[in-house]
Amino acid sequence: MSGKEFFVNRYEMLGWKYEEVALKPAIRINSMNAKEEEVVKRLQSLGVKLEKIPFLEKGYRVSHSEFSVGATTEYLLGYYSIQEAASQIPATLFTDLKDKIVLDACAAPGSKTVQLADLMKNTGAIIALDVKLHRLNALSNQLERCHVKNAIVYNLDARQASKLEMKFDCILLDVPCSGNFSTDKEWFNRRTIRDVEENARRQKEILREAAKVLKDDGEIVYSTCSLEPEENELNIDWAVKNLGFHVEKINCYGEPSPTKIFGKTLDSQIENCRRIWPGKTQGFFVCKLKKDVWV
Amino acid sequence: MKILREFVSRFGASISLNKNLLAKKENRYFLLNEKLKKLVGKNFFYAGVYLGKVKNGKFFPSFNLLSMMAEKRANKIFVDKRSEWLFICGRDIFKQGIIRVIGSKRKGDYALILNDYGECLGFGKILRNLDKIVEGVAIKNISDLGDFLRREKHQF
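Regarding its fold elements, chain A presents 8 helices and 15 strands. For 295 residues, the compact-globule estimate of 2.2 N^0.38 gives 19 Å, and the C-alpha radius of gyration of chain A, at 19 Å, lies within 12% of that figure. When the 295 residues of chain A are sorted by exposure, 49% land in the buried category. Across chain A, the fraction of contacts at a sequence separation of at least 24, relative to all contacts at a separation of at least 6, is 75%.

Here's what the structure looks like:
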């Protein structure tokens, strides 16, 4: 069970008609390091054409540039990060990050870790984990370049986060996933339903561990760049039924997730998740979870 | 940390760091804050502000440390737009590209390199007394921000 036809049929069953997409690069201004209007002005003076992304506070699309926006002095000074538009959403969904203890459970290469630090104005603490040692170098470079001061990085699997013996106010679970065709031309040739199921299994293990280390009044934001329901709605339905979470309403770009998937009826809360089909952004899924409180 | 203090002093600068907040991981040095100090475990990979590393008895500063130094009194050389670009591409600085000098102009001294906005781009070594030359290579590039891009290339 693989190939373009197989997956495209699944998307149609979920209500989306397949279309080719051509994504423009996007940047996010790091306001802890520079004023937004000054960075925009400086990039424009270099001939970079930027379009404000309407659903993001600090996000811009690069509609034209004669050179890589990853090679300017402003980039090297950490004034902005190159970050796909949809992936700028998750970190913004936490209610309040200032002075909080935050877990970024699958942090490398670090663009969301930097975004968290920016939203936190370098207060509190971010505990950033990644299981792959070589990816920690990329993460560390991002932290140094962007002058992040409130992060501690560990080479640790998110499924072992309880080894840290800490409880967190906020947990970002931008979990490893199967990805999607809009950022990978070979996606349909490379991926099978087995990969999807294997990723979904690992994501459940990460969710289970996150439930252990989340404070009772804490928040989890879960996201993937997968379009496959096994890694998204079905996993969250499982978390609601097995881990004592409920899905909070969120106000962000994307459409409400379906609650009937491949003949299975999911918990009605699943419609609070947001599914983003490729088009203006890459494909994405995001939701916010809180623990059920029993009085 | 003697090696760091000695490095900073080569710029005619000084820096005061709270010893209790310094953390060392193998050959790398970090500056924590009180909150991170309480939370950090001994197996950390990176924490707080990265200051630099020691290799073969030599100190290699981070760009965070250079930025911290640039906020204080230190040897500083301001360069024009063209020299800025060449410098972050790893090139040396010509006398013609220098706009302004603060501190030492003496051959052999270290200086921070800043652009027109006063942003620190890295550091270099003064090759010839800046008072005495009118053109030619004046500053040897030792470390520049373009290093972030060169590191990325090595990683992937």
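For the rest of this paragraph, the subject is unusual backbone geometry. Between Ala108 of chain A and the following residue, Pro109 of chain A, the backbone shows a cis peptide bond with an omega angle of 5°. Locating Pro109 of chain A in the fold gives a position in the loop between β5 (101-104) and α4 (111-120). Although it is not a glycine, Asn122 of chain A sits at a positive phi angle of roughly 60°. Mapping Asn122 of chain A onto the fold places it in the loop between α4 and β6 (125-130). Residues other than glycine seldom take positive phi values, yet Glu26 of chain B does so here, at roughly 50°. Positionally, Glu26 of chain B belongs in the loop between β1 (22-25) and β2 (28-31).

This part covers the domain arrangement of chain A. All names here are of chain A. Along its sequence, chain A is organised into domain 1 (24-83) and domain 2 (86-291). A C-alpha centroid distance of 25 Å is found between domain 1 and domain 2. Taken residue by residue, the interface counts 13 residues in domain 1 and 15 residues in domain 2. Grouping the constituent residues of the side of domain 1 that touches domain 2 by class yields 4 nonpolar, 7 polar and 2 charged.

This part takes up the environment of Gln282 of chain A. Residue and element names in this part refer to chain A. Mapping Gln282 onto the fold places it in the loop between β14 (274-276) and β15 (284-291). Its 23 C-beta neighbours within 10 Å are what place Gln282 among the buried residues. Sequence spacing of Gln282 and Thr183 is 99 residues, and the spatial spacing of their C-alpha atoms is 6.8 Å. Sequence-distant contacts of Gln282, that is, excluding residues within four places in its chain, are made with Leu23, Glu84, Ala86, Asn180, Ser182, Thr183 and Cys225.

A word on the sheet that holds β1 of chain B. All names here are of chain B. Strand order in this open sheet of 4 strands is β1-β2-β4-β5, and the pairing throughout is antiparallel. Looking along the sheet, the strands with just one partner apiece sit at the ends: β1 and β5 (58-61). For this sheet, the mean inter-axis angle between neighbouring strands, taken without regard to orientation, is 25°. Relative to β5, strand β4 (residues 49-55) runs antiparallel, the two sharing 4 bridges. By the bridge assignment for β5, Lys53 is matched with Phe60. The strands that helix α3 (residues 63-70) touches are β4 and β5; relative to β4, the one it contacts most, it runs at about 115°.

For the rest of this paragraph, the subject is the interface of chain A and chain B. Taken residue by residue, the interface counts 21 residues in chain A and 27 residues in chain B. At the level of elements, α3 (73-76), α5 (133-145) and β7 (151-155) of chain A are the ones that each hand at least two residues to the side of chain A that touches chain B. For the side of chain A that touches chain B, the class distribution of residues is 11 nonpolar, 7 polar and 3 charged. Bridge count between β7 of chain A and strand β3 (residues 46-47) of chain B: 2 bridges; the pairing is antiparallel. Within the sheet, the bridge partner assigned to Ile152 of chain A lies in β3 of chain B and is Ala47 of chain B.

Another aspect to go through is the nonpolar core. Ranked by size, the top nonpolar core spans 121 residues in total, and within it Ala105, Val153 and Leu173 of chain A together with Leu112 and Ile113 of chain B carry the most contacts. Per element, the largest residue contribution to this core is 6 residues, and it comes from α3 of chain B. When near neighbours in sequence (up to four residues on either side) are disregarded, Leu173 of chain A contacts Ala105, Cys106, Ile206, Leu207, Ala210, Ile220, Val221 and Tyr222 of chain A.

Calculation rules
Residues numbered from 1 in each chain as written. Chains lettered and ligands numbered in written order. Predicted model: local features only at pLDDT ≥ 70, side-chain atom pairs only at ≥ 80, totals over all residues. Helix = DSSP H or I, 4+ residues; strand = E, 2+ residues; numbered from the N terminus. Rg over C-alpha atoms; globule rule 2.2 N^0.38 Å. Buried ≥ 20, exposed ≤ 12 C-beta atoms within 10 Å, placed from the backbone. Contact = placed C-beta atoms within 7 Å. Domains from an automatic or database assignment. Nonpolar A, V, L, I, M, F, W, Y, C, P; charged D, E, K, R; others polar. Pairing = 2+ DSSP bridges. Axes fitted to C-alpha atoms, helices over the stretch in contact; angles between N-to-C directions. Core = buried A, V, L, I, M, F, W, Y, C linked by C-beta atoms within 7 Å.

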